[in-house]
Amino acid sequence: MAKLVDIRILQREYLLAISRALTAELDLHDVLRIILQSAVELVSGRAGLIALHDAKTDSLRVAAVYGIPVHLVDHFAPLLRDLPTERDSIEQEVELTRRLQKIARDAEMGLTQMVRLPMVSGDQAVGVVYVFLAGSAYYVPQDVNLLLRSFAEQAAIAVKNARLYQQVNQEKQRLDAIIEQSADGVMILDAASRITVFNRALSQMMGRPAAAVIGRQHDEVFQWHSLKTPMDLKKALANGWPLPGAAHLYVEGDVQRPYADDDQSADGNRISLGVTYAPLMDSDGRMTDIIANVRDLTRYREEESLQKTFISVVSHELKTPVSIIKGYAGTLRRQDAHWSPEVVDDSLTVIEEEADNLNDLIDSLLEVSRLQAGTFNLEVSDDVFLPEVAANVTRKFRSQAKNHQFVLKFDEAFPLVVGDERRLTQVLNNLVGNAIKYSPDGGDIIISGAVHPQHVTISVQDRGIGIPEHQHHRIFLKFSRLDNALSRKTEGTGLGLFLSKAIIEAHQGRIWFHNNPDGPGTTFTFSLPKD
Ligand code: ADP
């Protein structure tokens, strides 16, 4: 019996075991079991049970048992039910004795006596510890009782810590999920500028999986190709950033995405980034982490450069016909010259053609602005006969393209399609016009039409300069002209294919191209649904 053993030695041993368990970051149930075992052994008891209060269901649930075989645990359920209020201690005592007697009968463990120790944290009841004794009843001495109460207190502390830990853990998981799911790129660096967090948006932006950059130095991953702001993070840190109370650091520039053979998504292009670095300080004013918010500014930069291109292309394309018209008109008006009817006729033809060019350009610009304003509507009829449209287009171009031979190859019984004839003509005009412009050495231009079960396709094949592989994604963009000698020499706005794509997509069709497999040149193809 514990009363016979030196209680102080036991006390020291048990408290040591409990405090070890508390600091060893064990599972809460392990800690509770150690406390329970100590309590039961202290009074040479038979068994013990700890029940915790579940705030959600407002009831007690068994959290640890000691000395109770699993199949008998259910018999202890009466101890989990509500008791008469604590204040009415006699009534409570009577009720508890009644319950213990029932359990003793049901469980047949020879239990004769029970100590009940409420677990309280602050002013909150977190649970209860029961210690059961067998054999003849004895009076639990005051010092043993005090020690048992301190065990119950320890158990309450362990529960409180575990709940706090769980809360912190949940909060951390929530924060991790927010960072991971953020649409902006987010990265966290440690005090030595090593990457510790790299979220999904950022890894997509940079074309690198998080696993490939975590633990690496920031400067290894963010190698600026060019900077728009005065300094990058490295330089700022060398200059003493962050100063106490200092604002965030903003760095903007271009970085190169990696070329990776095994990763198709990493296409190796250059992207423009804006990065805001915010220092995280500890209470001593030392920087512990840097949180960086990364934005992809590539689209914005592209738009900016498109605007510039737009102004230069359009002003050039508008000015050329205007100056030609003005030149011819001025010449014809000269009082001192008498022009033959042929010269007058040729000059007026030029004026007319240039006025048409101007008109086409203005029409294209209006179409683009309608597209942007969302007021682009088709004027649809159900009897567009594409072989005829193609024949008209080639007739128009025949006089200007002396080096080229036009070949029309349409499947038999080519059906009428539903569409906007004027705009489909515009698409073919553009494709055939490009085929001529970008095949300066001439050659066949084959316009073919094929009938498929659900749709028809029209292709325009040339034997020209082709389109380099890496430019494929740009070709249908607004104002995009490929950077080759021919594009620089030939007139054009880079609007043709952009508008063609918009027109075909408005017809529920698709447009694409490939370089010819059997020789030079390109084939552009579009599809249209067959009703
Ligand atoms: P534009 O011809 O007015 O420049 P487009 O939008 O029609 O504008 O074409 C965009 C760019 O695509 C052209 O500048 C040219 O570099 C390229 N391109 C279009 N069609 C062809 C083709 N058939 N062969 C080679 N390059 C082409």
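Residues numbered from 1 in each chain as written. Predicted model: local features only at pLDDT ≥ 70, side-chain atom pairs only at ≥ 80, totals over all residues. Heavy atoms only, no water.

### Points about the pattern of salt bridges
Basically, it comes down to this: A pairing counts as a salt bridge when a side-chain nitrogen of Lys or Arg comes within 4 Å of a carboxyl oxygen of Asp or Glu. Secondary structure elements are defined from DSSP: runs of H or I of at least 4 residues count as helices, runs of E of at least 2 residues count as strands, and each element is numbered from the N terminus.
By the definition in use, this model includes 21 salt bridges. The shortest N-O distance in the salt bridge between E367 and R370 comes to 2.9 Å. You can see E367 and its partner R370 sitting in helix α10 (residues 341-373), 3 residues apart, about one turn around the helix. Bridged by salt links that share partners, the residues E367, R370, D420 and R423 form one connected network.

### Overview of the sheet that holds strand β16 (residues 510-515)
What counts is decided by this rule: In this scheme, strands are said to pair when DSSP sees at least two bridges between them. An axis is simply a line fitted to the C-alpha atoms; with a helix, the fit covers only the stretch in contact. Between two such axes, the angle follows the N-to-C directions and lies from 0 to 180 degrees. Throughout, a residue-residue contact means that at least one pair of heavy atoms, one from each residue, lies within 4.5 Å.
The 5 strands lie next to each other as β12-β14-β15-β17-β16, forming an open sheet whose pairing is mixed. Both outer strands of the open sheet, β12 (404-410) and β16, are each paired with one neighbouring strand and no more. Sheet twist, expressed as the mean angle between neighbouring strand axes with direction ignored, is 15°. Relative to strand β15 (residues 455-461), strand β14 (residues 443-451) runs antiparallel, the two being bridged by 6 bridges. In the strand pairing of β15, I447 is matched with V460. Running over the sheet, helix α11 (residues 386-398) touches β12, β14, β15 and β17 (522-529) and is turned about 175° from β12.

### Here we look at the domain arrangement of the protein chain
Note the cut-off: Domain delimitation in this document rests on an assignment produced automatically or drawn from a domain database.
As far as domains go, the protein chain holds domain 1 (2-173), domain 2 (184-296), domain 3 (301-373) and domain 4 (381-529). Computed over C-alpha atoms only, the centres of domain 2 and domain 4 are separated by 45 Å.

### What to know about the packing of helix α1 (residues 7-23) against helix α4 (residues 142-181)
Basically, it comes down to this: When describing relative orientation, an angle under 35 degrees is termed roughly parallel and one over 145 degrees roughly antiparallel, while 65 to 115 degrees is termed roughly perpendicular and anything else oblique. As a working rule, the residues Ala, Val, Leu, Ile, Met, Phe, Trp, Tyr, Cys and Pro are called nonpolar, Asp, Glu, Lys and Arg charged, and the rest polar, with Gly in that last group.
Contact pair α1 / α4: the axes reach a minimum separation of 11 Å and the direction vectors enclose 5°. The angle between α1 and α4 places the two elements in the roughly parallel class. Every residue of α4 that contacts α1 at I7, Q11, Y14, L15, I18 and L22 is listed here: D143, V144, L147, S150, F151, Q154 and A158. Residue composition of the contact of α1 with α4, grouped by class: 9 nonpolar, 3 polar and 1 charged.

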